[in-house]
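Okay, here's what each chain looks like letter by letter:
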Amino acid sequence: MIGDRLRPPRAAPGSSLSILAASLVFRCAGGLLRTCMMVQDSLANIALAGAMSGVINDVVTHPMDTLRAKLQTARSSTLSTHPLTAMRAMAAATVATEGLAGLYRGVSSVGLFSAPAYALYFGSYKAVAARIEESWEKSSGATAPAYMYFLAGLAAEGASNVLYIPYDAIKQRLQCAPIGTNLNALSLSIAVVRAEGILGLYPGVLATILSYGPFSGIYFAVYEGLRRMFVSDVPGVQSSGAVLGCAISAGSVAAIVTQPIDVIRTRIQVGVHNGEGPPSVPSVMRNILQKEGHAVLLRGTLARVLSLAPGCGFTMMMFEGFLRRLSRRDLANEVGPIMPSSAAQSQ
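Here we summarise the structure given alongside this text. Only a predicted model underlies this, so the values are computations on that prediction, with no experimental measurement involved.

Between the first and last C-alpha of helix α8 (residues 240–257) there are 26 Å, a value that for 18 residues agrees with the 26 Å anticipated at 1.5 Å per step. Every buried residue belonging to α8 is among Ala242, Val243, Leu244, Cys246, Ala247, Ala250, Gly251, Ser252, Ala254 and Ala255, and all of these are buried.

Here is the structure:
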């Protein structure tokens with residue numbers, strides 16, 4: 001039997017909002033996946049570059065993400081509301097009771113979900129961004145403004161939530177589970193489906209859309225704007241450091257702006273809720289403000305920025321690097337080996 005901290009909150013009987021949100025996520029994913037073939041780079045290259053960069057990022061940043069999840073679900077009155085103080089205290093407590101391995105609780109979810117989730121995320125983003133650029137150029141004859149990429153980021157998040165929501169839900173339940181819990185991502189996923197059905201893997205769909213939808217939109221809008229100022233598109237001139245800096249800056253802005261709603265999302269997905277009835281965005285928000293105060297909504301801000309912003313930077317840097325190499329490999333295969341001029345003359 002799944003422990004109370006691991007069991008997803010039951011939806012209200014006949015909850016049409018949750019079912020509608022989940023169905024929209026699935027339909028968005030299917031539609032965007034079909035349009036991915038329209039981008040300049042091949043779908044296989046985008047998917048592979050996204051998968052590789054995403055897995056590497058999620059393994060490296062997992063310890064900080066564990067602290068974020070624990071801070072956002074903690075209800076201790078003795079835990080400071082100051083982001084840095086709270087993060088240091090949580091890190092010290094985790095290492096003291098569980099060792100460094102405690103920071104990697106739930107990392108098995110990376111192997112189960114990360115690669116396909118990132119492949120779908122970047123494939124969807126590239127597909128929608130290409131459509132935006134094409135439509136804007138046809139209608140105005142100019143380059144699409146950076147703020148239009150908010151729509152591409154929003155669409156990419158909506159499509160990839162088919163995998164991101166189960167990924168986050170399973171990962172966070174393992175990260176916040178009681179010490180001694182002997183479950184991995186696969187066994188927990190199977191247990192949740194048996195106990196709750198497939199929708200048990202999709203708690204907090206609305207909260208996730210409200211949190212990571214704007215996050216992705218803001219991130220890509222800011223990133224594309226900074227990229228145009230600091231990153232060259234000339235082959236061989238593009239700086240990985242510039243891409244890294246632009247992506248980290250964009251990720252920091254997006255993480256700070258969406259922090260409060262992310263606290264609500266995390267608590268719904270983990271099952272931390274003191275209110276009556278099934279958890280919802282309004283009920284969890286009301287419960288936090290009434291019993292803990294608004295400062296709790298910002299307590300995990302630093303941990304979230306430190307887990308997401310560097311991750312955004314390294315993921316984008318690796319993605320663009322992998323994609324360039326894969327594209328060059330395909331081009332070389334299409335052109336074939338180039339004979340030296342002397343050999344050509346001898347023939």
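Having seen the model, we can carry on.
So, on to helix α6 (residues 185–196). Because an α-helix packs 3.6 residues into every turn, residues spaced three or four apart end up facing the same way. End to end, α6 covers 16 Å across 12 residues, agreeing with the expected 16 Å (1.5 Å per residue, within 8%). Turning to α6, its buried residues are Ala185, Leu188, Ser189, Val192 and Glu196. Down the axis of α6, the smallest arc covering the buried residues is 100°, so these residues share one side. The secondary structure elements touched by the buried residues of α6 are α4 (108–140) and α5 (149–175). Structurally, the start of α6 carries an N-cap: the backbone nitrogen of leucine 186 is 3.1 Å from a side-chain oxygen of asparagine 184.

Enumeration according to the criterion identifies 12 salt bridges in this entry. A salt bridge links glutamate 98 to arginine 105, with the nearest nitrogen and oxygen atoms 3.0 Å apart. A relative accessible area of 22% means that glutamate 98 is categorised as partly exposed. By relative accessible area, arginine 105 is classed as buried at 13%. A salt bridge links arginine 265 to aspartate 262; the nearest nitrogen and oxygen atoms lie 2.7 Å apart. Pair noted here: arginine 265 and aspartate 262 are both in helix α9 (residues 259–270), with a separation of three residues, about one helical turn. For the pair arginine 265 and aspartate 262, a shared accessibility class is recorded, and that class is buried. Ionic contacts of the salt-bridge type, sharing partners, join the residues Asp65, Arg68, Asp168, Lys171, Asp262, Arg265 and Arg304 into one network.

Let us look at the side chain of arginine 105. With respect to the secondary-structure elements, arginine 105 resides in the loop between α3 (83–98) and α4. Separated by 3.0 Å, the side chains of arginine 105 and glutamate 98 make a polar contact. Look past the residues within four positions of arginine 105 in its chain and what remains in contact with it is His62, Thr66, Lys70, Glu98, Leu174, Gln175, Ala177, Pro178 and Ile179.

Each value, and the rule that gives it
- Residue positions are given per chain, counting from 1 as you read along its sequence in written order.
- Local features in this predicted model are restricted to residues whose pLDDT is 70 or higher, and side-chain atom pairs enter the listing and the counts only when it is 80 or higher, whereas totals over whole chains, interfaces and linings include all residues.
- As a rule here, side-chain values come from all non-hydrogen atoms in the structure, and water together with hydrogens is ignored.
- Under the DSSP-based scheme used, a helix requires at least four consecutive residues in state H or I and a strand at least two consecutive residues in state E, with every element numbered from the N terminus.
- The length a helix should cover is 1.5 Å for every residue beyond the first.
- Burial status follows relative accessibility: with a 1.4 Å probe on protein chains alone, a residue under 20% of its type maximum counts as buried, one over 50% as exposed, and anything between as partly exposed.
- By arc we mean the arc of the directions from the helix axis to the C-beta atoms, nothing more.
- What makes two residues a contact is simply this: any of their non-hydrogen atoms within 4.5 Å.
- For the purposes of these results, a polar contact is taken to be a pair of N or O atoms within 3.5 Å, where, inside protein, one atom must be able to donate a hydrogen and its partner to accept one; residues adjacent in sequence count only when each atom of the pair is a side-chain atom.
- Salt bridge, as used here, is a side-chain nitrogen of Lys or Arg placed within 4 Å of a carboxyl oxygen of Asp or Glu.

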